[in-house]
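# Survey of secondary and tertiary structure
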There are 2 protein chains.
Amino acid sequence: MTALPKHVDIRDVSLRDGLQIEDPIPLAAKLELLAAVAATGVKEMEATAFVSPSKVPALADAAELAAELHNFPGIEFSALVASPNGAKRAIAAGLGSIEYVVSAADGHSRSNVGRSTAEATAQIPEIVAIAHDSGVTVEVIIATAWDCPFDGPTPPQRVLDIVAAACVNGVDRVAIADTIGTATPRRVSDLVTLVRPQIGDIPLGAHFHNTRGAGLASAYAAVVAGITRLDASVGGLGGCPFAPGASGNIALEDLVYLLRDSGIGTDVDLQAAIAAAGVAQTAVGHPLPSSLLRVGDRILGT
Amino acid sequence: MTALPKHVDIRDVSLRDGLQIEDPIPLAAKLELLAAVAATGVKEMEATAFVSPSKVPALADAAELAAELHNFPGIEFSALVASPNGAKRAIAAGLGSIEYVVSAADGHSRSNVGRSTAEATAQIPEIVAIAHDSGVTVEVIIATAWDCPFDGPTPPQRVLDIVAAACVNGVDRVAIADTIGTATPRRVSDLVTLVRPQIGDIPLGAHFHNTRGAGLASAYAAVVAGITRLDASVGGLGGCPFAPGASGNIALEDLVYLLRDSGIGTDVDLQAAIAAAGVAQTAVGHPLPSSLLRVGDRILGT
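Each residue is numbered by its place in its chain's sequence as written, counting from 1. As they are written, the chains are lettered A onward and the ligands numbered 1 onward, keeping that order. Local features in a predicted model are, by the rule used here, given only for residues with pLDDT of at least 70; side-chain atom pairs are given and counted only at 80 or more, and totals for whole chains, interfaces and linings are based on all residues. Think of the side-chain values as coming from all heavy atoms in the structure, minus any hydrogens and water.

Take the overall build of chain A next. The helix count covers DSSP runs of H or I at least four residues long, the strand count covers runs of E at least two residues long, and both are numbered beginning at the N terminus. Each helix and strand in chain A was counted, giving 13 helices and 10 strands. To get the radius of gyration, use the C-alpha atoms; to get the globule rule, take the number of residues to the power 0.38 and multiply by 2.2 Å. Its C-alpha atoms give chain A a radius of gyration of 18 Å, within 12% of the compact-globule value 19 Å for 302 residues. Per-residue accessibility, obtained with a 1.4 Å probe over protein chains only, is compared with the maximum for each type, and a residue is labelled buried under 20%, exposed over 50%, and partly exposed between these values. Residue burial in chain A is summarised as follows: out of 302 residues, 60% are buried. Whether two residues touch is decided by their heavy atoms; if any such pair falls within 4.5 Å, the residues are in contact. Long-range contacts, defined here as pairs at least 24 residues apart, represent 73% of the contacts in chain A between residues at least 6 apart. Residue exposure ignores everything except the shown protein chains as possible cover, and the areas themselves are Shrake-Rupley values with a 1.4 Å probe. Total accessible area on chain A stands at roughly 10,700 Å², and carbon and sulfur atoms take up 55% of it.

The structure is reproduced here in C-alpha cells:
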C-alpha cells in the first residue's frame, strides 16, 4: 500500500469559487467570511477573480476586496484570471499569486472564455511573463480535466498537453480540476498517475466538486495517488441556491475531518472551519451542503 | 496497488434501515417502493425488521410486508432481528434470511436492545440454531464497529471478539456497520485489514452512513481493502426528516455511479436506481440527500 502523506496543504476557495454563482453579497460580508476562514489557520486562499464583472457579478468587487487583504498577514492570497489583461489587473490590485485557468475541453473553454483550449494554452507564456516580471507566482488550473458538460469525457492527452505547456513555460504550480463534479476515485487515480511523471518538481494540486457525492472519495483517491494540495470551500459553498442540497466545492470541514481521521495533518482547525461554514451560510442566506456544519465532529476519544 | 474487484454485491436496505426512522408509510407505498427497487436489478434486499413495534413503529407491518415478498422472485430478502424471539417471528413470516445485530459497544448495545455486547454475543448460537433448523441463512451485523455515540471509538478487539463468536458458531455472513456515520477511509482500511484474516471464507460486508460526508469514500476504501458486499438505500434514505440535507445510508445510485466509473460492476441499473430514489422521495414526502437524484448521471461517452 502506498504510504499516505503526513500533511496536505489546503487552499480555501470560498471567496472565489464558492461565491461566484451566488447573488452578490456586500464587501463587508465577504470580509467577515474571509476573517472566519483565516481563523481556521488555512495558509492559502483564493480571494477573488479578475474576470468580466458582467459575467461574474458576484466578484465585481475584486479590486476593492484585494485592497483589504493586507489585513490578513500570513495567508497567501491568489486570484483567478482568464486572460493577460486579467493577470495585469490582479497584479495591479496587489495580488501576489494568480491562477490562470485553461479548460482541457474545447466546448467548456469556448463557453467559459470564448477561446479554444489551444488558444488558451498559447497564452501561458504571456501570462507567466506578466506574473514573473512582477514577482508574482502563477498556477495553471486545468479545468474540465475529467469531463466537459459539452464534449463529454476529456481525453487525458489534452490534459497532458496543457501540463507540458505549463512546465516548459515555467509556471510555479499546476492543478487539475473536476469542474463539473463528475470525477470518481479510479478515474482520479488514473489521471494523477499519468500527470505526475510529466510534471517533475512542480507542485500538483487537485480540485473537486461534490456534485455527484463522490467529491471526498475523489479527493482521498488523489491523496493516495500522491497529491498533497487540495482545494475546498467552507460549507461546501458553490452549489446552486435553487437546487436544495446541491453541492459545490468539497466542504473544507468535511475534508479536514476525513483527513484528520486518516492520520493526515492540515493547517486547519476543525471547529474553526465549522464556525466559518456557519458564517458562510449566514452570508449567502440559504442552507449549505456541509455535513459537519449539520452534525459536528464525531465523539472524540482514545 | 491492490487490484479492484470486478464486481460488488449490493444489498438495498431502503425498506428497513431507510424507513425505520421515518413516520410510518402505508404498506401499499412500501410495496411500490419495493417494486421500484426490485426493478433496479439488485439481488438482495433488507425488507424489514422483526423488532418491537412500539420502538420502531415504521416497521410494525413486518409480517404483512413479508407476506407480499413472494411477488418478487429472484431477490433474496432478509429481515433484521435483535433476539431469538425476533428470529422466530421472521422465520414464521416466511423470511429465508435473517440479520442478527450485535453492537460492538456496550453503550449502544444497551440503548438499542437493553443488553451488553457480551450478552448479545452470547445469543449467537441460539439465533444460528433457530435459523439453520429452518434452513434460513443468518448474518451477524456488527453495529458501532467504528464508533459509539455513547462510548466513543470502539476498540477493534471488541469487533474481533464478535467476529470470532460468529465464525465459531457457523453464521453464514458477517457485516461491519458504521452505525452513526463517523467512519473515514483509513479507519475503514484498518478495521477491514484486521477482520479479514479472522473470518476465513465467510463473506464479509460493510455498511456505511453518509452522515459526515465520507460515506462513499469509506465504501470505496472498503472495496480497495477487499470488501465485495455493501449496503445502500435508494435516495440515501435514512436521514432525519427534521434536519435538511441530513444523510442516512449511502445512496444506492451514488454508489453505483462511483463503482461503475471505477470499473466495478454491480447488478444495479443506474437509471432505474435514480427512478427508485424518486419513488422513495415521494413515499416519505421530503427531499432525500441523493446526489444523482438531483443532477443525474454524467455525460456518457467514450
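Resuming the write-up.
All names here are of chain A. For S109, the position within the fold is in helix α5 (residues 106-113). Judged by its relative accessible area of 1%, S109 is buried. With residues up to four places along the chain from it excluded, the contact list for S109 reads S103, G114, R115, S116, T117 and A120.

With that settled, the discussion passes to the pattern of salt bridges. Residue and element names in this part refer to chain A. Whenever Lys or Arg places a side-chain nitrogen within 4 Å of a carboxyl oxygen from Asp or Glu, that contact is recorded as a salt bridge. For the structure shown, the criterion picks out 40 salt bridges over all chains. Measuring nitrogen to oxygen at the nearest pair gives 2.5 Å for the salt bridge that ties D261 to R298. Taken together, the residues span a long stretch of sequence, with D261 in helix α11 (residues 252-261) and R298 in the segment after α13 (292-295) at a distance of 37 residues. Both residues of the pair, D261 and R298, belong to the buried class.

Facing the 41 residues of chain A at the interface are 41 residues of chain B. The quantity reported as buried area is the accessible area (1.4 Å probe) lost by two parts once they are put together, taken as the sum for both. Each partner contributes to the roughly 3,100 Å² buried at the junction of chain A and chain B, and carbon and sulfur atoms together form 62% of this total. Across the contact surface, chain A and chain B share 4 salt bridges. A salt bridge links R187 of chain A to D261 of chain B; the shortest N-O distance between them is 3.8 Å. Two N or O atoms count as a polar contact when they lie within 3.5 Å, although within protein this holds only if one can serve as hydrogen donor and the other as acceptor, and sequence-adjacent residues are included solely when both atoms are side-chain atoms. Applying the counting rule to chain A against chain B returns 12 residue pairs in polar contact (both at pLDDT 80 or more).

This next bit is on the environment of C148 of chain A. With respect to the helices, strands and loops of the structure, C148 of chain A is situated in strand β6 (residues 147-148). Among the residues examined, C148 of chain A registers a relative accessible area of 0% and is labelled buried. Remark: the alpha-carbon pair of C148 of chain A and T179 of chain A, spanning 31 residues in sequence, is separated by 8.0 Å. Once you skip the residues sitting within four places of it in the chain, C148 of chain A turns out to touch A105, G107, H108, T154 and I180 of chain A together with I299 of chain B.

Before going further, it helps to spend a moment on the packing of helix α8 (residues 156-168) of chain A against helix α9 (residues 185-199) of chain A. All names here are of chain A. In this analysis, axes come from line fits to C-alpha atoms, helices being fitted only over the stretch in contact, and the angle between any two N-to-C directions falls in the range 0 to 180 degrees. In the contact formed by α8 and α9, the axes pass within 10 Å of each other and the chain directions differ by 25 degrees. Relative to α9, the element α8 lies roughly parallel. The handedness of the crossing between α8 and α9 is right-handed. Counted together, P156, V159, L160, V163 and C167 of α8 and L191, L194, V195, Q198 and I199 of α9 form the full contact between these two elements. Roughly parallel here means an angle under 35 degrees, roughly antiparallel means over 145, roughly perpendicular means 65 to 115, and every remaining angle is called oblique. Each crossing gets its hand from how the near helix is turned against the far one by less than a right angle, where anticlockwise is left-handed and clockwise is right-handed.

Residue and element names in this part refer to chain B. Between the first and last C-alpha of helix α8 (residues 156-168) there are 18 Å, a value that for 13 residues agrees with the 18 Å anticipated at 1.5 Å per step. Within α8, burial applies to V159, L160, I162, V163, A165 and A166. Check the buried side of α8 and you find it contacts β4 (97-103), α6 (117-122), α7 (124-133), β5 (137-143), β8 (173-177) and α9 (185-199). G170 sits one or two positions beyond α8 and adopts a positive phi of about 80 degrees. For a helix, the expected span equals 1.5 Å multiplied by the number of residues minus one.

Glancing now at the environment of L59 of chain B. Position of L59 of chain B relative to the elements: it lies in the loop between β2 (44-50) and α3 (62-66). Considered as a pair, L59 of chain B and I130 of chain B are 71 residues apart in the sequence and their alpha carbons are 22 Å apart.

A few words on the relation of the copies chain A and chain B. Only residues with pLDDT of at least 70 in both copies count here: their C-alpha atoms drive the least-squares fit that superposes the copies. Expressed as a screw operation, the relation of chain A to chain B combines 0.0 Å of axial shift with a rotation of 180 degrees, fitting to an RMSD of 0.0 Å. What the superposition gives is, in effect, a two-fold axis relating one chain to the other. Looking at the rotation axis and the C-alpha trace of chain A, the residue lying nearest is A217 of chain A, at 1.9 Å. Take the interface residues of chain A: 100% of them recur as interface residues in chain B, which is what a same-surface contact looks like.

All names here are of chain B. For strand β3 (residues 76-81), a buried count of 5 out of 6 residues is recorded, marking the element as mostly surrounded by other parts of the structure. Two strands are counted as paired when DSSP detects at least two bridges linking them. The pairing of β2 with β3 spans 6 bridges and is classified as parallel. Paired with A49 across the two strands is L80, which belongs to β3.

Attention now moves to the nonpolar core. Ranked by size, the top nonpolar core spans 192 residues in total, and within it I142 and F208 of chain A together with I142 and F208 of chain B carry the most contacts. Beyond its immediate stretch of four places on either side in the chain, F208 of chain A contacts W146, D178, A183, V188, G215, S218, A219, A222, L230, N249 and I250 of chain A. Buried Ala, Val, Leu, Ile, Met, Phe, Trp, Tyr and Cys residues form a nonpolar core when they are joined through side-chain atoms within 4.5 Å.

We now examine the packing of aromatic side chains. Residue and element names in this part refer to chain A. Under the pairing criterion, centres of Phe, Tyr and Trp rings, with the six-membered ring standing for Trp, must be within 6.5 Å; the plane angle then separates stacked pairs below 30 degrees from edge-to-face pairs above 60, leaving the rest tilted. Counted under the stated rule, the structure contains 4 aromatic pairs over all chains. Ring geometry for F72 against F77: centres 6.5 Å apart, planes inclined by 70 degrees, an arrangement best described as edge-to-face. In terms of burial, F72 and F77 fall into one category: buried. An angle of 35 degrees between the planes, with centres 5.6 Å apart, marks the rings of W146 and F208 as tilted. Of this pair, W146 sits in the loop between β5 (137-143) and β6 while F208 sits in the loop between β9 (204-207) and α10 (215-224); the two residues are 62 residues apart in sequence, bridging distant segments of the chain. Look at F208 and you get buried, because its relative accessible area is 1%.

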